[in-house]
Amino acid sequence: MVVDVVGAVRWALELVGAGGLKAAPSFGEVRDGMVSRGPELALMNAHELHRASLMMEQRFHVALMARVLSGSLPHLEGSFKELTAYVAHYGQKGGLNALRFGREGIAYWVRYWLTGMGSFREFGREFGIDGQTAAAFYRSHIEVLLDGWLSAGCGALEPIVLRQMEDDVLRVA
């Protein structure tokens, strides 16, 4: 089963932000002769997912939140700075050479990963290399880190989302 973890985290943040904890006192409350737990359980699920996202390793959390908040440029500015620093640090390990074009090169590619702004040809012109070389560099030294961190973040939350989906199916049945 394919799970949209980014969408689930986006939903959880919206629900937690909109509902807060004000639904908690009404948990299990009887309304119109029926126990109404749906909204409260959804809020509890959202809180669980939100807490789990905050507890994961920071670079995984930042990569995931960059995708969750992809439409928000003010939020992306913080992610941009953090991811640039993480790539500069971790991009020198395991045979990677992310600093080959300096911090400006890393910043260019992190911005590209976040927003899609830029191109291999443009990077090549700015740094005096061929566009194909720029593409190969990005894919083997930058994208591998960022996509790996995003995958790790999604992978950490996927079991929680799957369990919540199963619980929802059992509750309806």
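Residues numbered from 1 in each chain as written. Predicted model: local features only at pLDDT ≥ 70, side-chain atom pairs only at ≥ 80, totals over all residues. Heavy atoms only, no water.

Another point: the packing of aromatic side chains. As enumerated under the stated definition, the model contains 16 aromatic pairs in all. Seen in terms of ring centroids, Phe101 and Phe123 are 5.3 Å apart; in terms of plane orientation they differ by 90°. Their pairing is edge-to-face. On the criterion of sequence distance, the pair formed by Phe101 in the loop between helix H4 (73–90) and helix H5 (102–115) and Phe123 in helix H6 (residues 120–127) is long-range, its members being 22 residues apart. For Phe101, a relative accessible area of 13% corresponds to the buried category. A relative accessible area of 0% means that Phe123 is categorised as buried. Measuring from centroid to centroid gives 5.2 Å for Tyr112 and Tyr138, while their planes differ by 90°, and the two rings are edge-to-face. Of this pair, Tyr112 sits in helix H5 while Tyr138 is found in helix H7 (residues 131–172), placing the two residues 26 residues apart along the sequence. Tyr138 shares its class with Tyr112; the two are buried. Three or more aromatic residues joined by ring pairs form one cluster here, namely Phe101, Tyr108, Trp109, Tyr112, Phe120, Phe123, Phe127, Phe137 and Tyr138. The ring of Tyr90 carries Arg59 above its face, with NZ or CZ at 4.0 Å from the centroid. Across from the ring centre of Trp113, 3.9 Å away, lies the NZ or CZ of Arg67, which sits over that ring. (Phe/Tyr/Trp six-rings, centres within 6.5 Å; stacked < 30°, edge-to-face > 60°. Helix = DSSP H or I, 4+ residues; strand = E, 2+ residues; numbered from the N terminus. Buried < 20%, exposed > 50% of the residue type's maximum accessible area, 1.4 Å probe, protein only. Lys NZ or Arg CZ within 6 Å of the ring centre and 35° of its normal.)

Formed by 49 residues in total, the largest nonpolar core has its most connected members in Leu64, Leu83, Val87, Trp109, Trp113, Ile142 and Trp149. Elements with a minimum of two residues in this core: helix H1 (5–19), helix H2 (38–55), helix H3 (58–68), H4, H5, H6 and H7. Those residues in contact with Leu83, other than ones at most four positions away along the chain, are Arg59, Val62, Ala63, Ala66, Val110, Trp113, Leu114, Leu146 and Trp149. (Core = buried A, V, L, I, M, F, W, Y, C linked by side-chain atoms within 4.5 Å. Contact = heavy atoms within 4.5 Å.)

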